[in-house]
Amino acid sequence: MTRPGWRRRLVGVRRDVAGVPTELELVELSPPRVTQRWLSRTAEAQWRRGCAVALLVVVFAALCVGSPSRVVVGPLLADRTDSVLWFFDEYSRLNRIELDTGRHRTFNVDSGYALLELRTQVVVFRGDGGADVIEAHGTVLLHSASPGVIPLTDPDSDTLWALDGTDARGERVWRRYPPPYVEPDTELLGRELGQPVALAGTRLLMQSVDATGEGTVSLLDVDSSATTDLGDGCAMGANDAAVIVRRPCRANATVWAMNLRLQTPWVMLARSLATSYAGRDYRLSPDGRLVAVPTAPGPQAQLQVYDTSTGALVATGMSGANEWTWTRDSRYLIVAAGSNLLAWRIRDGNRTPLHRFYHYAQLAITR
């Protein structure tokens, strides 16, 4: 029996093995037109509902996971640090976390070779592509400055020195950019002054090297042109509170510190630390009282923290570090160990996890 309203059509004849016809093969075709239209509308409505649900799921996932701003209630550390942590995640995107509030933002800013600190902005250095100054909302303030040479930055004076080519005599020209980092206000010329290595507040830490490979270190006040000779050695780091040098200028050397605020003489921190020639390995705390130094190059380094005024070993034991930087209050050392970011409180050695998907070995702390 054919269902009411349905049509049947002969499509063939079934035969046995000898080819004798045995029965007709009938096939039910389509329902009447009214039923067809009803089924068509029902299928279309279901398809539209499915599309709407899928769209809502995608929007919800974007809001919860991929949005440029995420809020985590509460501070991330036990102490107020007045610090903002910048780093690159596993997708090489720039991240910004306020340690006192937990607010987390992700920017579509590509990673680079170095991440440098200003007062509230960071500088992303991309080698021959130069350096970009990124402000707190992800806006680029200065683009492609200092191509090929890492610029010098200082959070306290909030200034940036960039190597901007050469002059007519072939001398390299360093230019100082004050906020908002649009136009330079000062130029530094002349090889006789040495090579700028770091910023010590408003002064430049200068390095001169002779034919034998040994060097001398000095502080240059650019505004007054006054120079303070700091003696022999290789400059490894500085801020407005302290200076770090290595004597002699080779890998396995003695590390010395001078606290500029306390006006203390040079004190020896450690002997024969097998550190690299990168000055960024020696991280001074913002108050200049402490310096974090690795005992060996590479990702298996163990960090040691010394007092710059006495040379005493304050803390040790953080192993497997490949990048580190200080919070603005000098209480915590933010350390990248493997794929994790940790906050190491120097006072008692407590370690607080901050992020699990850290990828690129560059960190910066701003206000």
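Residues numbered from 1 in each chain as written. Predicted model: local features only at pLDDT ≥ 70, side-chain atom pairs only at ≥ 80, totals over all residues. Heavy atoms only, no water.

Q: Which residues make up the nonpolar core, and what values do they have?
A: Looking at soluble globular proteins, one finds that nonpolar side chains tend to be buried together. Counting residues in hydrophobic clusters, the biggest one holds 15 residues, and the most contacted among them are Ile244, Leu269, Tyr282 and Val291. Looking at this core, the elements that each hand over two or more residues are strand 19 (234-238), strand 20 (242-247), strand 21 (252-259), strand 22 (267-274) and strand 24 (290-294). Counting residues per element, this core draws most heavily on strand 22, at three residues. Core analysis: the next-biggest nonpolar cluster, separate from the first, contains 14 residues, Leu303, Met318, Ala321 and Leu342 among them. (Core = buried A, V, L, I, M, F, W, Y, C linked by side-chain atoms within 4.5 Å. Buried < 20%, exposed > 50% of the residue type's maximum accessible area, 1.4 Å probe, protein only. Helix = DSSP H or I, 4+ residues; strand = E, 2+ residues; numbered from the N terminus.)

Q: Any chance you could break down the packing of aromatic side chains for me, citing the residues and the numbers?
A: Within the structure shown, the criterion is met by one aromatic pair. Note on Trp86 and Phe107: the rings are 6.2 Å apart at their centroids and 20° apart in plane angle, and the pair reads as stacked. Taken together, the positions of Trp86 in strand 4 (residues 84-89) and Phe107 in strand 6 (residues 103-110) put the pair 21 residues apart, joining distant regions of the chain. When sorted by exposure, Trp86 lands in the same class as Phe107, which is buried. Across the ring face of Trp256, the terminal group of Arg247 is positioned such that the distance to the ring centre comes to 5.6 Å. Above the ring of Trp344, the side-chain terminus of Arg351 is found at 5.9 Å from the ring centroid. (Phe/Tyr/Trp six-rings, centres within 6.5 Å; stacked < 30°, edge-to-face > 60°. Lys NZ or Arg CZ within 6 Å of the ring centre and 35° of its normal.)

Q: An account of a negative patch on the surface is requested, with residue identities and associated values reported.
A: A contiguous patch of negative charge, built from Asp210, Glu214, Asp229 and Asp232, is present on the exposed surface. Structurally, the position occupied by Asp210 is in the loop between strand 16 (203-209) and strand 17 (215-221). (Patch = residues over 30% accessible without salt bridge, like charges linked within 9 Å, V, L, I, M, F, W, Y side chains within 5 Å. Areas by Shrake-Rupley, 256 points an atom, 1.4 Å probe, with all protein chains shown as cover. Salt bridge = Lys/Arg side-chain N within 4 Å of Asp/Glu carboxyl O. Lys, Arg positive; Asp, Glu negative; His and termini not counted. Charge placed at Lys NZ, Arg CZ, Asp CG, Glu CD.)

Q: Can you lay out the sheet that holds strand 16 for me, pointing to particular residues and giving the numbers?
A: The four strands lie next to each other as 15-16-17-18, forming an open sheet whose pairing is antiparallel. Looking at which strands have only one partner, the edges of the open sheet turn out to be strand 15 (195-200) and strand 18 (226-232). Between one strand and the next, the sheet's axes are offset by a mean angle of 25°, whatever the strand orientation. Direction of pairing for strand 17 relative to strand 18: antiparallel, over a ladder of six bridges. By the bridge assignment for strand 18, Asp221 is matched with Ala226. (Pairing = 2+ DSSP bridges. Axes fitted to C-alpha atoms, helices over the stretch in contact; angles between N-to-C directions.)

Q: Describe the pairing of strand 5 (residues 93-98), and please don't skip the residues or the numbers.
A: One ladder, built from five bridges, connects strand 4 with strand 5; its direction is antiparallel. Note that in strand 5 the partner of Phe88 across the bridge is Leu94. Turn length for the strand 4-strand 5 hairpin, with the two strands adjacent in sequence and antiparallel, is three residues, and the turn residue Ser92 shows positive phi of about 60°. Bridge count between strand 5 and strand 6: five bridges; the pairing is antiparallel.

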